[in-house]
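The chain contents come next:
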Amino acid sequence: MSDNLQNAYEVLSARIGESSAPTDWFEVTQDRINEFADVTLDHQWIHIDEERSKAGPFGTTIAHGHLTLSIMGHLPRSVVETGPRLEGQKLTINYGFDKVRFPSPVPVGAKIRTQSTLKRVEIKGGMIETMNEIVVEVEGQEKPCCVAESLGRLVF
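No experiment lies behind these values; they were computed from the predicted model shown. (Residues numbered from 1 in each chain as written. Predicted model: local features only at pLDDT ≥ 70, side-chain atom pairs only at ≥ 80, totals over all residues. Heavy atoms only, no water.)

(A) Quick look at the packing of aromatic side chains. On inspection of all chains with the given rule, the structure shows zero aromatic pairs. Here the basic side chain of Arg 153 rests over the ring of Tyr 95, its NZ or CZ set 3.8 Å away from the ring centre. (Phe/Tyr/Trp six-rings, centres within 6.5 Å; stacked < 30°, edge-to-face > 60°. Lys NZ or Arg CZ within 6 Å of the ring centre and 35° of its normal.)

So, in structure tokens, the structure goes:
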């Protein structure tokens, strides 16, 4: 095992339980929802039919859960992270998710933001795998709209 990998593991392990600052708010517009529907071919009326949705269970159109999940990857880049610089790290890759839940909807026009908490760090070959719990909240709503355990691999 390289010194860089071991040092990075120690630095990250010491940060388990630490949370990032919340990101800036990001508005989810009807245009964005419609474009996502076109890309994914998911044109369910609760997402794109504004008139029908007024009488539906949410009183308006709502974002796709997978749209929220997709935007979630952009939001951390909207703030400057103060995380440690890891000597010898070449890149970070998205390795997937252990768990994803959508406890509440994202109504059209709502603003969302994320906060991430480092939960786990493991050495996997010449990489470090991290698991961050990411909570996506909706401005003015008590329940989050998404809670996900995101896996990343740091390559050295």
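Further notes follow.
(B) Spotlight on the packing of helix 2 (residues 30-40) against helix 5 (residues 65-72). Orientation of helix 2 relative to helix 5, taken along the N-to-C sense of each, is 105°, at an axis distance of 10 Å. When the interaxial angle is binned, helix 2 and helix 5 end up roughly perpendicular. Between helix 2 and helix 5, the residues in contact are Arg 32, Ile 33 and Phe 36 and His 66, Leu 67, Ser 70 and Ile 71, respectively. For the contact of helix 2 with helix 5, the residue count by class is four nonpolar, two polar and one charged. (Axes fitted to C-alpha atoms, helices over the stretch in contact; angles between N-to-C directions. Helix = DSSP H or I, 4+ residues; strand = E, 2+ residues; numbered from the N terminus. Parallel < 35°, antiparallel > 145°, perpendicular 65-115°, else oblique. Contact = heavy atoms within 4.5 Å. Nonpolar A, V, L, I, M, F, W, Y, C, P; charged D, E, K, R; others polar.)

(C) Here's a closer look at the side chain of His 64. The residue His 64 is located in the loop between helix 4 (50-54) and helix 5 in this model. The class for His 64 is buried, based on a relative accessible area of 2%. Here Asp 42 takes part through its backbone oxygen, which lies 3.0 Å from a polar atom of the side chain of His 64. Among residues more than four places away in sequence, those in contact with His 64 are Ile 33, Phe 36, Ala 37, Asp 42 and His 47. (Buried < 20%, exposed > 50% of the residue type's maximum accessible area, 1.4 Å probe, protein only. Polar contact = N/O pair within 3.5 Å; in protein donor to acceptor, adjacent residues only side chain to side chain.)

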